[in-house]
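One-letter residues, chain by chain:
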Amino acid sequence: MASSRPDLLQGTLDLLILKAVALEELHGMGISRRIGQITNGTFEVKAGSLFPALHRMEEAGWLSSSWGQSETNRRAKFYCLTKPGRRQLEAETDQWKRISLAISSALQAT
Amino acid sequence: METDFSRHFKRSAGDVRVAVTYRLYRFWRNILRKEQLDRDLDQEVHSYLDLLIDEKVRSGKSRDDALQEARLELGRMEEIKENVRDIRIGVTVETGFQDVRYGFRLLLRNPGFSSVAILTLALGIGSTAVLFSILDGAYIHFGQTPQANRVVLLNQRFTKDKSVLVTFSAPEYFDLARLHHSFDGLFALHHSGATLAERIEHPGGPAQVPVVEITANAFSLYGITPILGRVFTAEEDRPGGPKVAVVTYRLWNARFGRDPALIGKTIKLNSISYTVIGITPRRFQQWGADIYTPLGLEPGANDRSDRRLTVAGIAKEGVSAEQTRPELQYLARRIEAEYGGAHSEYAGLVYLPFDVRAVVVGDLRIALYLLLAAVSTLALITSANIAGLLLARAKARAGEIATRLAVGATPARLARQFLTESVLLSAIAGALGFLLGIWALHPILALVPAQYIGEEAEIHTTPAAFIISIAVAVTLGILFGLAPAIFISRRGVAANLRESRTRSVTDSRAGRVRGTLVLVEMTLAFVVIVSAGLMVRTYRQLTSMDLGFRPDHVLTLRIALPEWKYPREIDTTNFFREFMRRTKSHVGVTDVAATSVRPMEGGALRHFSIPGQPERSAAYYRTVTPAYFAVIGTPLLAGRFLTEQDGPLGTRVAMINERFARVYFPNEDPLGKQIRLDEIFDLHGAAVGLNQTSVVEIVGVVKDSRQIASRRVQDLSYPASPEIYTPLWQHREAGRDMALLVKTRQAPALLADPVRRQVLAIDHEQPIYDVRTLKELADVALGPTRLCLLLLGIFAGTALVTACVGLYAIVSYTVAQRTHEVGIRMALGARPGDVLRLVTHEAMPVIAAGLIFGVAASLGVTRLMSRLLYGVPANDGATLLGVTAILATTALVAIYIPARRATKVDPMTALRCE
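About the thresholds
Position numbers for residues start from 1 in each chain and track the written sequence from start to end. Here chains are named by letter from A upward and ligands by number from 1 upward, in the order in which they appear as written. The model is predicted, so local features are restricted to residues of pLDDT at least 70 and side-chain atom pairs to those at 80 or more, both for listing and for counting; the totals for chains, interfaces and linings are taken over all residues. Hydrogens and water are ignored here; the side-chain numbers use all heavy atoms of the structure. Secondary structure elements follow DSSP: runs of H or I of four or more residues count as helices, runs of E of two or more count as strands, with numbering from the N terminus. Whether a residue is buried, partly exposed or exposed follows from its accessible area with a 1.4 Å probe, protein chains only, as a fraction of its type maximum: under 20%, in between, or over 50%, in that order. We get accessible surface area from the Shrake-Rupley algorithm with a probe of 1.4 Å; when it comes to residues, only the shown protein chains can shield them. Think of each axis as a best-fit line through the C-alpha atoms, taken over the contacting stretch in the case of a helix, with angles from 0 to 180 degrees between the N-to-C directions. Angle categories: roughly parallel below 35 degrees, roughly antiparallel above 145, roughly perpendicular from 65 to 115, and oblique for all the rest. Working rule for handedness: look at the near helix, and if it is turned counterclockwise from the far one by less than a right angle, call the crossing left-handed; if clockwise, right-handed. Should any heavy atoms of two residues lie within 4.5 Å, those residues are counted as being in contact. We call Asp, Glu, Lys and Arg charged. Ala, Val, Leu, Ile, Met, Phe, Trp, Tyr, Cys and Pro are nonpolar, and the rest, Gly among them, are polar. By this definition, two strands are paired if DSSP reports at least two bridges between them. Between the first and last residue of a helix there are one fewer steps than residues, each counted as 1.5 Å, and that sum is the expected span. We define the bend at each residue as the angle formed by axes fitted to the 7 residues ending at it and the 7 residues starting at it. The term nonpolar core refers to a set of buried residues drawn from Ala, Val, Leu, Ile, Met, Phe, Trp, Tyr and Cys, joined through side-chain atoms within 4.5 Å.

Draft legend 1. Here's a closer look at the overall build of chain A. For chain A, the helix and strand inventory stands at four helices and three strands. Across chain A, helices and strands are ordered from the amino to the carboxyl terminus as α-β-α-α-β-β-α. For chain A, buried positions account for 49% of its 110 residues. Total accessible area computed for chain A in this model is approximately 5800 Å², and 53% of it derives from carbon and sulfur atoms.

Draft legend 2. Region of interest: the packing of helix H1 (residues 12–23) of chain A against helix H4 (residues 83–108) of chain A. All names here are of chain A. At a minimum axis distance of 10 Å, the contact between H1 and H4 shows a crossing angle of 125°. The angle between H1 and H4 falls in the class oblique. Of the two possible hands of crossing, H1 and H4 adopt the one that is left-handed. Within the contact between the two elements, H1 uses Asp14, Leu15, Leu18, Lys19 and Ala22 and H4 uses Gly85, Arg86, Gln88, Leu89, Glu92, Thr93 and Trp96. Here the contact of H1 with H4 is built from residues that sort into five nonpolar, three polar and four charged.

Draft legend 3. Spotlight on the side chain of Thr293 of chain B. Tracing the sequence through the fold places Thr293 of chain B in strand S10 (residues 291–294). Ignoring sequence-local partners within four residues, the contact set of Thr293 of chain B consists of Val211, Val212, Glu213, Ile214, Phe232, Val244, Ala245, Leu269 and Tyr274 of chain B.

Draft legend 4. Main features of the sheet that holds strand S1 (residues 26–27) of chain A. Strand order across the open sheet formed by three strands is S1-S3-S2 (chain A), with antiparallel pairing between neighbours. Both edges of this open sheet fall to S1 and strand S2 (63–69) of chain A, since each of them pairs with a single strand only. In terms of strand pairing, S2 of chain A meets strand S3 (residues 75–81) of chain A through seven bridges, oriented antiparallel. Paired with Ser66 of chain A across the bridge in S3 of chain A is Phe78 of chain A. In the packing of helix H3 (residues 34–58) of chain B onto the sheet, contacts are made with S1, S2 and S3 of chain A, and the angle to S3 of chain A comes to roughly 100°.

Draft legend 5. Looking closely at the environment of Gln208 of chain B. Residue and element names in this part refer to chain B. When you line up the elements, Gln208 lands in strand S5 (residues 207–214). On the basis of relative accessible area, Gln208 is assigned to the buried category, the value being 10%. Taking C-alpha positions, Gln208 is 9.6 Å from Pro562, a pair spaced 354 residues apart along the chain. Every residue in contact with Gln208, bar those within four places of it in the chain, is listed here: Gly193, Ala194, Thr195, Ala560, Pro767 and Tyr769.

Draft legend 6. Layout of helix H15 (residues 411–445) of chain B. End to end, H15 of chain B covers 48 Å across 35 residues, agreeing with the expected 51 Å (1.5 Å per residue, within 8%). Trp439 of chain B marks the point of greatest bend in H15 of chain B, at about 40°, and the proline Pro443 of chain B comes within the next four residues.

Draft legend 7. Structural view of the packing of helix H25 (residues 832–840) of chain B against helix H27 (residues 877–903) of chain B. Residues and elements named next belong to chain B. For the pair H25 and H27, the least separation of the axes is 9 Å and the interaxial angle reads 125°. By the criterion of interaxial angle, the relationship of H25 to H27 is oblique. As H25 packs across H27, the resulting crossing turns out to be right-handed. Facing H25, whose interface residues are Pro832, Val835, Leu836, Val839 and Thr840, H27 presents Ile895, Tyr896, Ala899, Arg900, Ala902 and Thr903.

Draft legend 8. Summary view of unusual backbone geometry. Unlike most non-glycine residues, Asn73 of chain A shows phi in positive territory, near 65°. Structurally, the position occupied by Asn73 of chain A is in the loop between S2 and S3. The phi dihedral of Arg258 of chain B falls on the positive side, at around 50°, and the residue is not glycine. Along the chain, the position of Arg258 of chain B falls in the loop between helix H10 (249–256) and strand S8 (266–269). For Arg258 of chain B, a relative accessible area of 44% puts it in the partly exposed group.

Draft legend 9. Representation of the pairing of strand S14 (residues 589–595) of chain B within the structure. Residue and element names in this part refer to chain B. When you tally the buried positions in S14, you get six out of seven residues, the bulk of the element. Relative to strand S22 (residues 737–744), S14 runs antiparallel, the two being bridged by six bridges. Residue pairing for S22: Ala593 is matched across the bridge by Leu741.

Draft legend 10. Seen up close, the nonpolar core. With 132 residues, the main nonpolar core has Phe187 and Trp287 of chain B as its most contacted residues. Ranked by residues supplied to this core, first place goes to helix H24 (residues 785–827) of chain B with 15 residues. If you look at the next biggest cluster of nonpolar residues, it comprises 41 residues, including Phe51 of chain A together with Leu52, Met77 and Val84 of chain B.

Below, the structure written as structure tokens:
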């Protein structure tokens, strides 16, 4: 998938963000880099799509944020998963598995 | 495929419910702590940038390169922040508040523009509310019940002697009532008046009240139920039935102080006792009655020539008066076939249906439609003008807009702000207009002669009018808010920015849009002004029209002497003679006359024939006292006036009008000729004449005077009808109920009370009724003209000013834009004339085209108002020419004022101002 593609599949970005902050709390840049890392560089999330997504998910109650210190000693806003966020991650993961399974089998069928 | 995915994910997202309280908390936090949130967001984005830079520096880039790359990667910071703000909960509400605040600030910053726009809009909206309220009260809700809107009055026309009778005989009524299918039902009634007396001594003294004897079914056909007691039953409505009476709310209120104990009490009508059994609802005021009594028709009646009943019906729902005509035609054929043998008058019988509502309202309805059309046109002109001005202002704000677009505002967001601004403007105007409407309703209604408003009508500012005002205001707001909004969103940042910097280049597209708007304004204004012009000419024709009599300084009233008290002719003669003698000697009275029918009232018709001519005809008929013509000021054309010598012992004489002489004695001298007078019948069915014939000799011819039987201005164009006048002292058949005319020196209304006292001095129980000045009666001829004149005048003035403001704005704008260029040209030797041409070259073609389109549109549109015009054609050349001149002159002044400013430009200043 081309990384220059401006908008990820809707929902995909949410899932990736939830996944990225599932282990530890991260700041915006950290989330962007983590997504690049866990998708082996396939997805590169730009600030233009990341910020609205983060704030939307915070409004939805999946993420909570707090100010903290970055690894380079800069003040940064950190996001972590809330309880509803964790439930959302699970739900979306299940969903995604079902769909990708369905799609793979559809594509393998001749 | 994408959409499928997104649907899956959205649904799963919905599975996880987040507490409503949490969302509410966010909502309030977003609105109340906006500044802090914004600061937070700003810091967050900046920290992101810093982290990016750190990362680049760590990977070995120089600080400057890192900064540049990081900026590139981050994208436009303001746009990101704007996008984040847009997803916040409650963002719509929040920005809405912001827009309203901002809109208010803008309105206040341009008080001139704002107040002109608000006032013109308010005028339009207020007028709409008033006009709609009048239309609603006088026409749409004409009666209290929907049935009252469908009352059809029947007339019969006898082809044989070309007479139209408004009355029917009982057997004729029974035939129709039995055979019809187009009506919910037919009912019959008979008008009479009575002196009302009751046991309670009333301070107002005795009263003459209109009494209507009516068939019992009328109440249920009208769909009314009495507010107290009951109405009479079919059982009571028979010959020799009980003497019961239903009293109207009006009389109950005015005379009995709304005393519920009136039910069951006895009142005396012409000294006969009646028991009051019911009170009608407040607005039920049909057929001019104050008291209804049972008609008591004899079911087996077979006298077909005793025609004294008014017959009317309630058309079935959805059936208009006109649509009952075919059936009535068929019924007429049946009656003719069945009874034509014994009754020769039935040959070629025709029944005529009249929509009572349309007859009462007359031209007023057309006038209201016309005025509503005019006010809508004015509203269009106003909104075109405001759109033009907002457009110009949008251009002036191009720099600001460009900046906002550049920092991430979406065109939709900007458009919404413009809309908010104009809707705000129209909402203020709407509120103001509605207040104006409430205040102006009664003064405006006073311009309509009372005859055009039904007695039942209740006119007040209706909720519907309020809703319409608001709807109009909001629609206009959207209409003229849209123009600049579209204009802005079509243009990109670059164009807007360029616009803000340039001084000498004109934007041709915006110019064209504005030019077109002003052209439309000019054209519409032209039509409105032409309509007003035609109304001015009609009004002048009407007021200078020769009525054939002078209506000023005459007080009129009626006196009906009851038969039980004045049984003989000599008694009534003595009463009226005594009244006139006493009144004439009263201070301020110059003359007094009596007549059976007042001027301007259609009145009675009398059949007549001229010896030696086979045909029988009908003419308007009045019995008058000698002073009649002197009091109303109708001149004598030939022969002599009636005198006191034309008494019971003298030769039977008559006077005729000019029209009578021309029709029946075309090439002869009518003086000395004889007329044979046959039966008399009253247009109101009130006093039924005796079938008494007498031969009279014509002794004088008077000038024609106007008769207005219907409430249509166009009727004034018809020639006068033939009229016969006979001396009262020779023809006292119907002389019990007379109209008295008192010629006064001062304002006639002042004499109403002294005259009443004269009557009571002769007979302390004798009431007078229907007291009016002759001027009031004559005013019916003015119809709705005064209303149209005033309102169209106001609309036309406003339209003219508005269109000129539009022109003024175009030229002012051009001048402002090209000051620099003008400076250069003047420095190079251009003369003021060249400069004028330069700055007006945009406006001149607009003026020319506006005038041409205006003339064309007027020729097409004013035809629709021809029914309201008198003495002037709808395509009146003089009016068109006059309006062209007025509009052209005003338009030239409007463009000259700002254009002159350009010629005063000092080249040095102009060149420096860049």
